[in-house]
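# An overview of the molecular structure
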Amino acid sequence: MSASVNQSEYPWYQGNSRLVDTSVQGKWLAAHILQIALIMFWVGFNTFSENQAFDPSLPMYDQGLVLIPHLAAEGFGIGPGGVVTNTFVYTQIGAIHMVASLVLFFGAYFHSKIGPSDLTEGGRGTTERFAFQWDDPKQLGYILGNHLLFIGFASLIFVAWMKFHGIYDPSVGEVTKVAAPGSTIGNVFKYGWSTPGFNPFFVDNVDDLASGHLFIGLFDIAGGIWHINVAPFKWEQDLGSRIKIYTPDGLIGTSLGGVAIMGFISAYFCAVNTFVYPVEFYGPALEVKFGIAPYFKDTADLADGFYTSRAWLANITYYLAFYCLQGHLFHCLRAMGFKFEKIPATIAADTSGNAIT
């Protein structure tokens, strides 16, 4: 695929289509950084907001909170029995996210307005190493590999957190450290294979939780090293040439598909797991219902119009995943040659009996 793309193929509302041309890779990088900045800002601002409204004397799950329950489950500000003993730590975490968002906002502005538009021109550090063309699968694999390294290291950082600080363990009602992460790593191969007592959605101990994150972290790092150094195999490139996966639409389509799958898994995990999402912070497990679409229903006795933190989180995650799934279908169909812009003409031709020109 050529570096230059005919922008007339895209309607005005597909604003990100301006990033298809690889000569504007700096803006592509800026868009990624801006996305992270917005997430950081949202987390920081809403942590402040939730902390102002939070009343430690009332059940956490009955106060419309989402972020503070996450922090509590990770062992921040929690004493025995899941009682919040320190709310100032939530302010500190909010402030860290706000400051980080400002740094990232500046980074997005820099790469959008100041830094090189074409990364092949170089820049600070190793910027030019992340320049790419849509028809260069090896370079795209290199970029994928670096993403996997970051994800793997993040998973290992969480393992270190569980070992040296600990997370809230609802089975004992206090923050518990994992003495030897990886000691039960063999159990990872039992989850998801119909082994009795090893349903992945109902993991119920800190040792398996730590071992699972250790396994995923090491696996992602190994995958990152592989993709950085090894080009896609011939059969993979043949697959790509057949469905044009090495195109902007193909890549964003597969990415959105992955996000959708993870979203559906996360939604159900949040709905039914009371270990990683303790009842003290999120409320009781939910029921899976079906109306116009599947949804998760509270089992707690709440006033009309009120929902637990678990219900908010599970349902919103599900609907966002469903939205990403639609994006996956849209972009993958485009990558395979489907022309959505021709639908009105096709309908008009079918109804009038005229052939499409």
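Residues numbered from 1 in each chain as written. Predicted model: local features only at pLDDT ≥ 70, side-chain atom pairs only at ≥ 80, totals over all residues. Heavy atoms only, no water.

## Here we look at the pairing of strand β4 (residues 294–297)
Filter applied, for reference: Two strands make a pair as long as DSSP finds a minimum of two bridges between them. Here a strand is any run of E in DSSP of at least two residues, a helix any run of H or I of at least four, and the numbering for each starts at the N terminus.
In the sheet, strand β3 (residues 287–290) pairs with β4 via four bridges, with the strands oriented antiparallel. Residue pairing in the sheet places glutamate 287 in a bridge with lysine 297 of β4.

## Some remarks on the confidence of the model for the protein chain
Rule in force here: Note on scores: pLDDT gives the predictor's confidence for each residue, bounded by 0 and 100. Should any heavy atoms of two residues lie within 4.5 Å, those residues are considered in contact.
For the protein chain, the mean per-residue pLDDT works out to 87, and 88% of the residues sit at or above 70. For residues 1–7, every residue scores under 50 in pLDDT, and the model assigns this stretch 14 contacts once sequence neighbours within four places are set aside.

## Some remarks on the packing of helix α1 (residues 25–53) against helix α3 (residues 88–114)
For the record, the criterion: Orientation is described by lines fitted to C-alpha atoms, with helices fitted over the stretch in contact, and by angles between N-to-C directions that extend from 0 to 180 degrees. Any angle between 65 and 115 degrees counts as roughly perpendicular, while under 35 counts as roughly parallel, over 145 as roughly antiparallel, and the rest as oblique. Left-handed describes a crossing in which the near helix is turned anticlockwise from the far one by less than a right angle; the clockwise case is right-handed.
Two elements in contact, α1 and α3, have axes separated by 7 Å at closest approach and are oriented at 160°. Compared by their axis directions, α1 and α3 come out roughly antiparallel. Judged by the sense of rotation from one axis to the other, the crossing of α1 with α3 is left-handed.

## Considering the side chain of threonine 176
To keep it simple, the criterion reads: Here's how the labels work: a residue is buried when its accessible area is under 20% of the maximum for its type, exposed when over 50%, partly exposed in between, all with a 1.4 Å probe on protein chains only. Whenever a nitrogen or oxygen atom comes within 3.5 Å of another N or O atom, the pair is scored as a polar contact, on the condition that within protein one atom can donate a hydrogen and the other can accept it, and that pairs from neighbouring residues in sequence are kept only if both atoms are in side chains.
Relative to the assigned elements, threonine 176 resides in strand β2 (residues 174–176). By relative accessible area, threonine 176 is classed as buried at 18%. Engagement of the side chain of threonine 176 in a polar contact is seen with the backbone oxygen of glutamate 174, the distance being 3.3 Å. Ignoring any residue separated from it by four or fewer positions in sequence, one finds threonine 176 in contact with Met162, Gly166, Ile167 and Asp169.

## Quick look at the nonpolar core
Convention followed: Here, nonpolar core refers to any group of buried Ala, Val, Leu, Ile, Met, Phe, Trp, Tyr and Cys residues whose side-chain atoms link them within 4.5 Å.
Ranked by internal contacts, the top residues of the largest apolar core, which has 32 residues, are Met60, Ile78, Tyr90, Phe281 and Phe296. Broken down by secondary-structure element, the contributors of at least two residues to this core are α2 (67–73), α3, α7 (248–272), α8 (279–282) and α9 (309–335). Looking at this core, the element that brings in the most residues is α7, giving five residues. Filtering out sequence-adjacent residues up to four positions away, methionine 60 remains in contact with Phe54, Leu65, Ile68, Pro69, Ala72, Val84, Glu280, Phe281 and Ser309.

## Structural notes on the environment of glycine 75
Here glycine 75 shows up in the loop between α2 and α3. Along the backbone, glycine 75 and methionine 162 are 87 residues apart, and their C-alpha atoms lie at a distance of 9.1 Å. Residue contacts for glycine 75: discarding those within four places in its chain leaves His165, Gly166, Ile167, Tyr168 and Val175.

## Section: the pattern of salt bridges
Convention followed: For this analysis, a salt bridge means a side-chain nitrogen from Lys or Arg found within 4 Å of a carboxyl oxygen belonging to Asp or Glu.
Inspection of the entire model under this criterion finds two salt bridges. The residue aspartate 249 makes a salt bridge to arginine 334 at a minimum N-O spacing of 3.1 Å. You can see aspartate 249 sitting in helix α7 and its partner arginine 334 sitting in helix α9, a full 85 residues away along the chain. For aspartate 249, a relative accessible area of 10% puts it in the buried group. The exposure class assigned to arginine 334 is buried, which follows from its relative accessible area of 14%.

## Re α9
The criterion, for reference: Working rule for helices: expected span equals 1.5 Å times residues minus one.
In this model, α9 (27 residues) spans 39 Å end to end at C-alpha, consistent with the 39 Å of a helix rising 1.5 Å per residue. Downstream of α9 by one or two residues, glycine 337 has phi in the positive range, about 105°.

## Some remarks on the packing of aromatic side chains
Operational definition: Ring pairs are drawn from Phe, Tyr and Trp, using the six-membered ring of Trp, whenever the two centres fall within 6.5 Å, and their geometry is named by plane angle: stacked under 30 degrees, edge-to-face over 60, tilted for the rest. Placement of a charge over a ring requires the Lys NZ or Arg CZ to be within 6 Å of the ring centre, with the centre-to-atom vector within 35 degrees of the ring normal.
Scanning all chains against the criterion turns up 17 aromatic pairs. For the ring pair phenylalanine 41 and phenylalanine 105, a centre distance of 6.3 Å and an interplane angle of 65° mean the geometry is edge-to-face. On the criterion of sequence distance, the pair formed by phenylalanine 41 in helix α1 and phenylalanine 105 in helix α3 is long-range, its members being 64 residues apart. In this structure phenylalanine 105 comes out as partly exposed when scored by relative accessible area, which is 26%. Taken together, a centroid distance of 5.4 Å and an interplanar angle of 80° make the contact between phenylalanine 189 and phenylalanine 215 edge-to-face. Residue phenylalanine 189 is located in the loop between β2 and α5 (206–229), and its partner phenylalanine 215 is located in helix α5; the two are separated by 26 residues in the primary sequence. On the basis of relative accessible area, phenylalanine 189 is assigned to the exposed category, the value being 54%. Judged by its relative accessible area of 24%, phenylalanine 215 is partly exposed. Cluster of aromatic residues (ring-pair linked, three or more members): Phe201, Tyr268, Phe269, Tyr277 and Tyr282. One Lys or Arg, lysine 163, reaches over the ring of phenylalanine 164 and ends 5.6 Å from the middle of that ring.

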